[in-house]
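Here is how the chains run, residue by residue.
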Amino acid sequence: MVNSRHFQRLEELYTAESSSHRTGTEVTVSLGRAEMQAEIDADTLGPQDLANHTHYRELLGDAAALAAGSLVEDRIVTSEQFNMRVEKAGYRGPVTVSARVMLAQPPRYHVEARLLDDEENTLAVGTGAFTPSSVELPSDDDIEPSAAEAKARPEPAVYASVWPTPFGIIHLN
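For the structure given in this document, a descriptive report is provided here. (Residues numbered from 1 in each chain as written. Predicted model: local features only at pLDDT ≥ 70, side-chain atom pairs only at ≥ 80, totals over all residues. Heavy atoms only, no water.)

## Quick notes on the layout of surface pockets
Estimated volume of the largest pocket: approximately 310 Å³. Those elements that provide at least two residues to the lining of the largest pocket are α1 (4-16), α3 (54-69) and β3 (75-86). Residue contributions to the lining of the largest pocket peak at four residues, all from α3. Across the lining of the largest pocket, the residue classes break down as eight nonpolar, one polar and four charged. (1 Å grid on protein atoms, 1.4 Å probe; cavity = no way out; pocket = protein on both sides within 12 Å on 5 of 7 lines; lining within 4 Å. Points joined across faces, edges and corners; volume = space filled by probe spheres on them. Helix = DSSP H or I, 4+ residues; strand = E, 2+ residues; numbered from the N terminus. Nonpolar A, V, L, I, M, F, W, Y, C, P; charged D, E, K, R; others polar.)

## Focus on the packing of α1 against α3
Between α1 and α3, whose axes approach to 10 Å, the crossing angle comes to 155°. As summarised for this structure, α1 and α3 are arranged roughly antiparallel, according to the angle between their axes. For the element pair α1 and α3, the recorded crossing hand is right-handed. Of the residues in α3, those touching α1 at His 6, Leu 10 and Tyr 14 are Asp 62, Leu 66 and Gly 69. (Axes fitted to C-alpha atoms, helices over the stretch in contact; angles between N-to-C directions. Parallel < 35°, antiparallel > 145°, perpendicular 65-115°, else oblique. Left-handed = near helix turned anticlockwise from the far one by under 90°. Contact = heavy atoms within 4.5 Å.)

## Observations regarding α1
Taking 1.5 Å per residue as the helical rise, α1 with its 13 residues ought to reach 18 Å, and the 18 Å between its terminal C-alpha atoms agrees with that figure. Taken residue by residue, α1 has Ser 4, His 6, Phe 7, Gln 8, Arg 9, Leu 10, Glu 11 and Tyr 14 as its buried positions. (Expected span 1.5 Å × (residues − 1). Buried < 20%, exposed > 50% of the residue type's maximum accessible area, 1.4 Å probe, protein only.)

## Examining the packing of aromatic side chains
Applying the stated criterion across every chain yields a total of one aromatic pair. Aromatic pair Phe 82 and Phe 130: ring centres 6.4 Å apart, planes at 65°, arrangement edge-to-face. With Phe 82 in strand β3 and Phe 130 in strand β6 (residues 122-136), the pair connects residues that are 48 residues apart, well separated along the chain. On the accessibility criterion, Phe 82 (17% relative accessible area) is buried. (Phe/Tyr/Trp six-rings, centres within 6.5 Å; stacked < 30°, edge-to-face > 60°.)

As C-alpha cells, this is what we get:
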C-alpha cells in the first residue's frame, strides 16, 4: 500500500518546480487522485498561450500526472498521450483541478482530469495515459511524517485494475 509520505513527496516536488502558469498553486495528492487550487491570471499569459489553452493543458496534465504518480512509488510518470477538450475558453480567476485514475493497467494508468471555475462549471476536461519513466523519484528522507499526516487529503479514487494474461484479461476490483 502506498503511504502518505509518498503523496507528500509528490506535492513538495510539484510546488518546488517553478512555472509562470501556476504561481500560488495548492496541491493535494491521495491514492489515485490529485486536486489543485490555482489562479488563472491572463495578464501573465502570452497571446499564443491563450490561443492554444497552454495554461489549461498544463494544469490538467500536471494534476493527471500527480494522480497517476500516486500509484508509482519509485519513478516519475510520463504521459504516453494526453487529450484535452475545452468547454469554456478565456476564463480568468480561481480554478480547481481534480484528477483521478480511471483504469490501472500496470504499467499504464488512464487518468481523467477536470478544470472547474469558482462556480464549479467545467472549463476543460483532459484524459491521458501515463507510464513510469526511467527517472527515479528523489528520496523522501526530508519529509516529516507529522506534516504528511496533518494535511486533509481527497478521498482515494475508485478505479479498475486490469492485467492481461495469455488466457484473457483479469479484472480485480
